[in-house]
Amino acid sequence: MDRIREDSTVKEIAEKFLVTRKIFDTYGIMCGGDSLPDKPISFFAKMHNVNPSTLVEDLQNLIDGKEVENDAVSLIKPQTEHIYEFFIKTSIIIVLSTGCLYGAAMLAYMAYKRSFLSVPWVLLETHGDTQVYGWVGLFIMGISFFALPKFWNTILYSTQLAYKSFFFMAIGILLSFVFKTISYYSGGLFLKIPVFAGLSLQTASIAIFMYVLCRTYFSSEKRDYEVYEGFILSSFLWFLLQAFVFTALHFHYCIVGNTEIPAYFKDPIRHIQIVGFSCLVIIGIFTKTLPIFLGIQIPNRKNSAYVLYLLNLSIALRVFSEFYKGYTPNLYGFFTAISCISGLLEALGVFLFIYNLNLFDKKKLVQNKVKLPTGFRKYIWAAIFWLFVSESAFLTFTLYETFTGEKVSHALFGAYRHAIFVGFISMMIIGCASKMIPLSKGVKLCSPKLLNLTFFLIILGCVFRVVAQPVSFHLIPQFYFLLGLSGFIEYAAIFFFGINVWKTLKSNQEEITEQINSATAATNVYQLIKQYPQTLDILIGYGFKQLKNPVLRNTLARTISLGQAVQIVPVNLEDLLRDLNASMK
């Protein structure tokens, strides 16, 4: 009898024993295609997060004519379930050090001096860079590696490349932060070279990140394009573009020219980071997940497409016009008009997005009995509120500058940026983490009380900052005290969030669940299949084909209830529950 070895190639096994294709397909090694890789199965087993010995045993049993029990138990815990933890933990470390704490200290100093110009620009810039790349960037990259393969019903293309993207980004952030600050105070040209190396590593990290996700996407089964994918793709492209451009500008100005990058480059790049990357990717995730999490109808596809086009066009026009307004006085009126148009388009896109969510139309609410965590939902509502507030302010500032010809004060514009970065972006990061991380681990959130305390503190800190910054500068200097206090209040919020998430990630205790006596809309899909294996065939028969994959069955199914599942694959919930309950008797 032929024996399968770990150094046997997928090609020779599949060609010699056609029946083994079933096993390769089940484990995702064929990636839905007909190609036969000419590499050892041990290599592909590790790449696709499968125990090599288990895979060899299943293949051998199939060839020998034995029954193969290929379920979630025969898999090791997927390596991709660990990758995102490196990103999340590092993003928390960064935001609690060079991010929020560093920023809070500088804000307190500015409040003490009663001057927003009392802190050198390089410190503010390095703080902003670590917030964008370290806090938002690493978090979104980690969640993307975890969630997007599940959205696409497949497995992450390469864990090795995902780890490389993490290390490149982490090292790049460190080099850029440390040496940009030192080179500013020392004036040494050679110290700017490590900054260039750090920026190059960050760019390479984003490129690898996008490559892995693109290969993951194309390895999934072919299906119709969804609008949320357009948001996510365009946000990643903006992220890569700004990183590449800023790296090139640093080389040209700081190394070759031994000077600083002009502000007319930095401001458009920061706009890309905040709106083009951070906001677009969160809006894309919103478009995909909110109908499930909040029990609302799926947003109108055509309106969502309009939002996608409007926001991308507004970003392009904003970057173009703001650069030329600063670069040359020629045609200043023309570029001011373009900038105004970009602001109007952005506001229209954001307001259409909020309207399209159907949050305020009770007739469009999906009536089901799904019990969702209230903590996650209030973060969503708060984030949408801050998005509306910040975009309304941005529209007002745009119109004011257009018709008066005067720039809005730094205090007002800084309050707007804080509202969108902390109120919307960071609020959604905390909210998503509070739901996705416990579900991915199969445990409960360590402390719902800490989550509520985090929500209260971040709302309080954000209100203090957004109100006190313009009021203290323009009207009442005594408000500088609240301004200085706001940073430490927000730091406390992030600190408690970090503790909560860190303890949840360390928990290995499987969430205790009660015995399921009957299937309801609130029944968890994973627990249902675990307690009643016969229900798997019924679910697959109703169109939930992703449950055929044991890896997805052991991960994706943990995160949704039956009520949420029928919003992903539209089927009649009553018919599904009736057939499931009949099989459980």
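Residues numbered from 1 in each chain as written. Predicted model: local features only at pLDDT ≥ 70, side-chain atom pairs only at ≥ 80, totals over all residues. Heavy atoms only, no water.

**Looking at the overall build of the protein chain**
Inference 1: Regarding its fold elements, the protein chain presents 21 helices and 0 strands.
Inference 2: Out of the 585 residues in the protein chain, the part that is buried amounts to 58%.
Inference 3: Of the contacts formed within the protein chain by residues at least 6 apart in sequence, a portion of 79% connects residues at least 24 apart.
Inference 4: Surface exposure of the protein chain reaches about 25,800 Å², of which carbon and sulfur atoms provide 64%. (Helix = DSSP H or I, 4+ residues; strand = E, 2+ residues; numbered from the N terminus. Buried < 20%, exposed > 50% of the residue type's maximum accessible area, 1.4 Å probe, protein only. Contact = heavy atoms within 4.5 Å. Areas by Shrake-Rupley, 256 points an atom, 1.4 Å probe, with all protein chains shown as cover.)

**Considerations on the packing of aromatic side chains**
Inference 1: The tally for this structure, following the rule as stated, stands at 41 aromatic pairs.
Inference 2: Ring centres of phenylalanine 116 and phenylalanine 473 lie 5.9 Å apart, and the angle between their planes is 50°; this geometry places the pair in the tilted category. Within this pair, whereas phenylalanine 116 is found in the loop between helix 5 (80–113) and helix 6 (121–151), its partner phenylalanine 473 is found in helix 15 (residues 448–474), the two being separated by 357 residues in sequence.
Inference 3: On the basis of relative accessible area, phenylalanine 116 is assigned to the buried category, the value being 9%.
Inference 4: A relative accessible area of 45% places phenylalanine 473 in the partly exposed class.
Inference 5: Ring pairs connect the aromatic residues Tyr253, Tyr264, Phe265, Phe320, Phe323, Tyr324, Tyr327, Phe334 and Phe335, which therefore count as one cluster.
Inference 6: Residue placement shows lysine 89 over the ring face of tryptophan 502; its charged tip is 5.3 Å from the ring centre. (Phe/Tyr/Trp six-rings, centres within 6.5 Å; stacked < 30°, edge-to-face > 60°. Lys NZ or Arg CZ within 6 Å of the ring centre and 35° of its normal.)

**Topic: the environment of proline 40**
Inference 1: In this fold, proline 40 is placed in the loop between helix 2 (21–27) and helix 3 (41–47).
Inference 2: Proline 40 gets classed as partly exposed once you look at its relative accessible area, which sits at 31%.
Inference 3: Taking the C-alpha atoms as reference, proline 40 lies 8.7 Å from lysine 11; in sequence the two are 29 residues apart.
Inference 4: Among residues more than four places away in sequence, those in contact with proline 40 are Glu6, Asp7, Ser8 and Thr9.

**What to know about the nonpolar core**
Inference 1: By size, the foremost hydrophobic cluster in this structure holds 107 residues, and its most contacted members are Ile88, Phe145, Phe236, Phe286, Phe424 and Ile425.
Inference 2: With sequence-adjacent residues up to four places away left out, phenylalanine 424 is seen in contact with Cys279, Ile282, Ile283, Phe286, Ala383, Trp386, Leu387 and Ala419.
Inference 3: Counting residues in hydrophobic clusters, the runner-up holds 23 residues, among them Tyr526, Ile529, Ala557 and Leu562. (Core = buried A, V, L, I, M, F, W, Y, C linked by side-chain atoms within 4.5 Å.)

**Describing unusual backbone geometry**
Across the chain, the bulk of peptide bonds are trans and the bulk of non-glycine residues have phi less than zero.
Inference 1: Non-glycine residue arginine 114 carries a positive phi angle of around 55°.
Inference 2: Tracing the chain through its elements places arginine 114 in the loop between helix 5 and helix 6.
Inference 3: In the Ramachandran plot, leucine 331 falls in the positive-phi region, its phi being about 55° despite a non-glycine side chain.
Inference 4: The residue leucine 331 is located in the loop between helix 11 (301–327) and helix 12 (332–356) in this model.
Inference 5: Look at leucine 331 and you get exposed, because its relative accessible area is 59%.

**So, the pattern of salt bridges**
It is possible for side chains bearing opposite charge to pair when their charged atoms get close.
Inference 1: Enumeration over the complete set of coordinates arrives at 8 salt bridges.
Inference 2: Between arginine 578 and aspartate 575 there is a salt bridge; the shortest N-O distance is 2.9 Å. Within this pair, arginine 578 and its partner aspartate 575 are both found in helix 21 (residues 573–584), separated by 3 residues, close to a single helical turn.
Inference 3: As a salt-bridge pair, aspartate 579 and arginine 578 come within 3.8 Å of each other at their nearest N and O atoms.
Inference 4: What makes aspartate 579 partly exposed here is its relative accessible area of 28%.
Inference 5: In this structure, a network of salt bridges that share partners links the residues Glu125, Asp129, Lys180, Lys266 and Arg270. (Salt bridge = Lys/Arg side-chain N within 4 Å of Asp/Glu carboxyl O.)

**Considerations on the side chain of threonine 336**
Inference 1: Checked against the element boundaries, threonine 336 lands in helix 12.
Inference 2: When sequence neighbours within four positions are dropped, the list of residues in contact with threonine 336 reads Lys325 and Thr402.

**Considering the packing of helix 8 (residues 192–219) against helix 9 (residues 227–256)**
Inference 1: Following both chains from N to C, one finds helix 8 and helix 9 inclined at 160°, their axes separated by 9 Å at the closest point. The orientation of helix 8 relative to helix 9 falls into the category roughly antiparallel. In the crossing of helix 8 with helix 9, the sense of the turn from one axis to the other is left-handed.
Inference 2: Each residue belonging to the contact of helix 8 with helix 9 can be placed in one class, and the counts come to 20 nonpolar, 4 polar and 2 charged. (Axes fitted to C-alpha atoms, helices over the stretch in contact; angles between N-to-C directions. Parallel < 35°, antiparallel > 145°, perpendicular 65-115°, else oblique. Left-handed = near helix turned anticlockwise from the far one by under 90°. Nonpolar A, V, L, I, M, F, W, Y, C, P; charged D, E, K, R; others polar.)

**Focus on helix 15**
Inference 1: Here helix 15 contains 27 residues, and its C-alpha end-to-end distance of 40 Å stays within 8% of the 39 Å for a straight helix at 1.5 Å per residue.
Inference 2: At alanine 468, helix 15 shows its largest bend, some 30°, and a proline, proline 470, comes one to four positions later. (Expected span 1.5 Å × (residues − 1). Bend = angle between axes of the 7 residues up to and from the residue.)

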